[in-house]
Number of protein chains: 2
Amino acid sequence: MSEKPPVLLVYAEGLNRQLVTDAHRARLAGLCRVLEPEPVPNFDDPRALPHLDTVEILLTGWGCPPLDEAALDRVPNLRGAFHAAGTVKNHVKPACFDRGVRITSAAYANAIPVAEFTVAAIVMANKKGFRAQRLYREVKGFRLWSKEYPEIGNHGKTVGIVGASRIGRMVIDRLQAFDVDLLVYDPYLDAAEARGLGAEPCELDDLLGRSDVVSLHAPSLPATRHMIDRRRLGLMNDGAVLVNTARGALVDHEALTDELVSGRIEAVIDTTEPELLPADSPLYDLDNVFLTPHIAGSQGTETRRMLDLALDEIERFVRGEPLQHEVRREDWDRVA
Amino acid sequence: MSEKPPVLLVYAEGLNRQLVTDAHRARLAGLCRVLEPEPVPNFDDPRALPHLDTVEILLTGWGCPPLDEAALDRVPNLRGAFHAAGTVKNHVKPACFDRGVRITSAAYANAIPVAEFTVAAIVMANKKGFRAQRLYREVKGFRLWSKEYPEIGNHGKTVGIVGASRIGRMVIDRLQAFDVDLLVYDPYLDAAEARGLGAEPCELDDLLGRSDVVSLHAPSLPATRHMIDRRRLGLMNDGAVLVNTARGALVDHEALTDELVSGRIEAVIDTTEPELLPADSPLYDLDNVFLTPHIAGSQGTETRRMLDLALDEIERFVRGEPLQHEVRREDWDRVA
């Protein structure tokens, strides 16, 4: 067995208490020579300076500074940067690929809680749980709830998935266990692939008109900005539910707010545009909106799963095995 | 092929629009001779009277009157009563078994939405979605949510299932897809069976002390009344969540209200004692309570699944095949 490669942890220090368990520390120490027990926020940190010539592996996380030419010049022996978070675009720069530094992402692990939250939101929305809970607080008495919400229930509902992304596919996969009809829109997915996932391929306008719940899982790109615009919101059925655990920019929020204020549709919204809504936004208070503050992604204990994945990748690297979550230069346009 | 057996529909008329689709009507007409197209509420209904001597099969539902000696005397050719709802105890009487009338229950179909709702509630509670949503409405601004709720997240949580009932088992089964540790308490389940379900067997007091979420799925019986009493609520961890989609009588609500008012624990409550809480109950308004008005069970579209099951059983009966959801005299103490 070869000598253990020297590793440095580079991420915002505040993360550490949540992210790193004793089991993680023991595992990392079994795989690598840990140069500093605690993370450094950047290479200028006095605890980092003595190790820059030595370090071969970076365990990176939220807050890792850009690994550009200048940064990489300071770590001449760097062989890999293993990321314990979803988004690599903030710290990974083309210089990493130019110099053959291997890069991995924990986006797969980060997708899991988003898919779980989304499915829970869809089930609860179809049961009118969010609405019934608010109405029950107001009336504090008996109602024939099935009369208040005649179409209450998950059975036989149509759920439209916009975007067969990693998360979109996980949502489709988890919804197979339910008696719902699944539609999927994705311009890069062919009909056979869609059926293979367990969903009926569908054009976007058609999906909006047929779904009881529309759940967004498209990437946020210039081309997808406001893909759910006023016209398309107007295609949604009365009483249908828009679920957005992806990105606020996918939806024209002025039009969305108008539709929700009118009460014509419902929404479960975890991501908004802007990211923090103005304090006077009606979305905070509407009975037909379940608004959460961007918590669907990895939070608290869920961040540990991303570290598990990064350690899995470090272990494969150390053993000379193929990496499973590597980000390559050719993937760049598709990764978050 | 034998002649189609004559069938009568017996249940509360208001149900019909939600319950029965055109496809159901067509299917029933394919299996049986439908004596009256619409349901009758009881045997005294003028539409029922001409058919009592003829009818062989009852398709029953909520509101079906008791099938006791007197009632069965009026339908001398009755061979089976197929129930499109969960609870058979209101209409099925010992006389049914005495006379060899076959009985089926749609409790299996009714368990599905309860399990689905419960899993959604557990996932959302672990994500602190219910709480974050309310706090976000109040502050209408930025918070570091993972700091507000350090243990936010589903990963690595311990979920304790009280009662390996049909619904309890469905919840355990559905939670296998999540990275949670499962405990189960059931006095009638042995350790090997528990492990076979995918959960660690556990005494009730121990389960309460170890779980992040405790979900109740025990039957409501004299022996289980207030099984979650003040002492046992006190065993729950600070910040743990009690989920009750079973029956209010399982929990001492005075003690529960005290614990929830203190803010020490959280709850997702779909069933209460009394069933309709008094208007001055603090449970309506607490931030740490997600209170819904007994909607976890079959509602709206979900009632159709129970009719599907009843029609499946009628089809088996007509074909002379074994029934899959038959209620026998010897099952009586175990069924709802």
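Please refer to the structure placed before this passage.
Residues numbered from 1 in each chain as written. Chains lettered and ligands numbered in written order. Predicted model: local features only at pLDDT ≥ 70, side-chain atom pairs only at ≥ 80, totals over all residues. Heavy atoms only, no water.

Asks: Looking at this structure, I do not really get the overall build of chain A. What am I missing?
Replies: Across its full length, chain A carries 13 helices and twelve strands. With the C-alpha coordinates aligned to their principal axes, the bounding extent of chain A is approximately 70 × 45 × 35 Å. When burial is assessed residue by residue, chain A has 57% of its 336 residues classed as buried. Here the contacts in chain A between residues at least 6 apart in sequence split such that 65% fall between residues at least 24 apart. For chain A, the exposed area adds up to about 13900 Å²; of that, 50% sits on carbon and sulfur atoms. Each charge class in chain A was averaged separately, 39 positive and 51 negative side chains, and the resulting centres sit 3 Å apart. (Helix = DSSP H or I, 4+ residues; strand = E, 2+ residues; numbered from the N terminus. Buried < 20%, exposed > 50% of the residue type's maximum accessible area, 1.4 Å probe, protein only. Contact = heavy atoms within 4.5 Å. Areas by Shrake-Rupley, 256 points an atom, 1.4 Å probe, with all protein chains shown as cover. Lys, Arg positive; Asp, Glu negative; His and termini not counted. Charge placed at Lys NZ, Arg CZ, Asp CG, Glu CD.)

Asks: Would you mind showing me how to read the packing of helix 5 (residues 107-126) of chain B against helix 8 (residues 166-175) of chain B here?
Replies: Relative orientation and spacing of two packed helices are given, respectively, by the angle between their axes and the distance between those axes. Residues and elements named next belong to chain B. In the contact formed by helix 5 and helix 8, the axes pass within 8 Å of each other and the chain directions differ by 50 degrees. When the interaxial angle is binned, helix 5 and helix 8 end up oblique. Both helix 5 and helix 8 take part in a crossing whose hand is right-handed. Along the contact surface, helix 5 presents Ala107, Tyr108, Ala111, Ile112, Val114, Ala115, Glu116, Thr118, Val119 and Ile122, while helix 8 presents Arg166, Ile167, Met170, Val171, Arg174 and Leu175. Tallied by class, residues from the contact of helix 5 with helix 8 come to twelve nonpolar, one polar and three charged. (Axes fitted to C-alpha atoms, helices over the stretch in contact; angles between N-to-C directions. Parallel < 35°, antiparallel > 145°, perpendicular 65-115°, else oblique. Left-handed = near helix turned anticlockwise from the far one by under 90°. Nonpolar A, V, L, I, M, F, W, Y, C, P; charged D, E, K, R; others polar.)

Asks: Mind showing me how you'd approach the relation of the copies chain B and chain A here?
Replies: In summary, the two copies of the chain are related to each other by a rotation about an axis coupled with a shift along it. When chain B is brought onto chain A, the operation consists of a screw motion whose angular component is 180 degrees and whose axial shift is 0.0 Å, with 0.1 Å RMSD remaining. The symmetry that links the two subunits is that of a two-fold axis. Minimal C-alpha separation from the rotation axis in chain B is found for B:Ala120, amounting to 2.1 Å. A share of 100% of interface residues in chain B that are also interface residues in chain A marks the association as one of identical surfaces. (Least-squares fit on C-alpha atoms with pLDDT ≥ 70 in both.)

Asks: Got a minute to help me understand the interface of chain B and chain A in this structure?
Replies: Each partner contributes residues to the interface: chain B has 53 residues there, and chain A has 53 residues. Summed over both partners, the interface of chain B with chain A buries about 4800 Å², with 59% contributed by carbon and sulfur atoms. The largest share of the area that chain B buries against chain A comes from B:Tyr136, B:Arg137 and B:His155, three residues that together contribute 16% of it. Our enumeration of links across chain B and chain A arrives at eight salt bridges. Among the salt bridges present, the one from A:Lys140 reaches B:Asp285, with a minimum N-O distance of 3.5 Å. The interface formed by chain B and chain A includes 26 residue pairs in polar contact (both at pLDDT 80 or more). Secondary structure elements with two or more residues in the side of chain B that touches chain A: helix 5, helix 6 (129-139), helix 7 (145-148), strand 12 (289-291) and helix 13 (303-319) of chain B. (Buried area = accessible area lost by both parts, 1.4 Å probe. Salt bridge = Lys/Arg side-chain N within 4 Å of Asp/Glu carboxyl O. Polar contact = N/O pair within 3.5 Å; in protein donor to acceptor, adjacent residues only side chain to side chain.)

Asks: Just checking my understanding: could you explain a nonpolar patch on the surface for this structure?
Replies: Together, A:Phe142, A:Leu144 and B:Leu276 give the surface a local cluster of nonpolar side chains, amounting to about 320 Å² of exposed area. Following the sequence through the fold, A:Phe142 ends up in the loop between helix 6 (129-139) and helix 7 (145-148). (Patch = residues over 30% accessible without salt bridge, like charges linked within 9 Å, V, L, I, M, F, W, Y side chains within 5 Å.)

Asks: Hey, could you run me through the sheet that holds strand 9 (residues 213-216) of chain B in this one?
Replies: Think of a sheet as strands paired side by side through backbone hydrogen bonds, with each pair either parallel or antiparallel. Residue and element names in this part refer to chain B. Taken in spatial order, the seven strands line up as 8-7-6-9-10-11-12 in an open sheet, and their pairing is parallel. Either end of the sheet is taken by a strand with one partner, and the two such strands are strand 8 (200-201) and strand 12. Two elements, strand 7 (residues 181-185) and strand 8, share two bridges in a ladder whose sense is parallel. Its bridge partner being in strand 8, leucine 183 is matched across the sheet by glutamate 200. Docked against the sheet, helix 8 engages strand 6 (158-162) and strand 7, running at close to 160 degrees with respect to strand 6. (Pairing = 2+ DSSP bridges.)

Asks: Help me understand the sheet that holds strand 3 (residues 57-60) of chain B in this model?
Replies: Taken in spatial order, the five strands make up an open sheet running 2-1-3-4-5 (chain B), and their pairing is parallel. Pairing within the sheet leaves two strands with one partner each, and these edge strands are strand 2 (33-34) and strand 5 (102-104) of chain B.

Asks: How do you make sense of unusual backbone geometry when you look at a structure like this?
Replies: Phi is mostly negative for residues that are not glycine, and the peptide bonds are mostly trans. Residue A:Pro274 follows A:Glu273 across a cis peptide bond; omega there is -5 degrees. The topology assignment puts A:Pro274 in the loop between strand 11 (266-269) and strand 12 (289-291). Phi at A:His226 takes a positive value of approximately 55 degrees, unusual for a residue other than glycine. Note that A:His226 resides in the loop between strand 9 (213-216) and helix 11 (230-235). Look at B:Lys140: it is not a glycine, yet its phi comes out positive at around 45 degrees.

Asks: Looking at this structure, I do not really get the packing of aromatic side chains. What am I missing?
Replies: Any aromatic ring pair is given by two values, namely how distant the centres are and how the planes are angled relative to each other. Enumeration over the complete set of coordinates arrives at eleven aromatic pairs over all chains. Between B:Phe130 and B:Phe290, the ring centres sit 3.8 Å apart and the planes meet at 20 degrees, which makes this aromatic pair stacked. Residue B:Phe130 is found in helix 6, and its partner B:Phe290 is found in strand 12; the two are separated by 160 residues along the sequence. Just as B:Phe130 is buried, B:Phe290 falls in that class too. Taken together, the ring pairs connect A:Phe130, A:Phe290, B:Phe130 and B:Phe290 into an aromatic cluster. Directly above the ring of A:Trp332 sits A:Lys89, whose terminal nitrogen or CZ lies 4.8 Å from the centroid. (Phe/Tyr/Trp six-rings, centres within 6.5 Å; stacked < 30°, edge-to-face > 60°. Lys NZ or Arg CZ within 6 Å of the ring centre and 35° of its normal.)

Asks: Looking at this model, I keep getting lost on the packing of helix 2 (residues 22-31) of chain B against helix 13 of chain B. Mind explaining?
Replies: All names here are of chain B. As a packed pair, helix 2 and helix 13 sit with axes 10 Å apart at the nearest point and diverge in direction by 15 degrees. Classified by the angle between their axes, helix 2 and helix 13 sit roughly parallel to one another. In terms of crossing hand, the pair formed by helix 2 and helix 13 is left-handed. Where helix 2 abuts helix 13, its residues His24, Arg27, Leu28 and Leu31 lie against Arg304, Leu307, Asp308, Leu311, Asp312, Ile314, Glu315 and Val318. When its residues are assigned to classes, the contact of helix 2 with helix 13 shows six nonpolar, one polar and five charged.

By themselves, these observations are geometric and do not establish any function.
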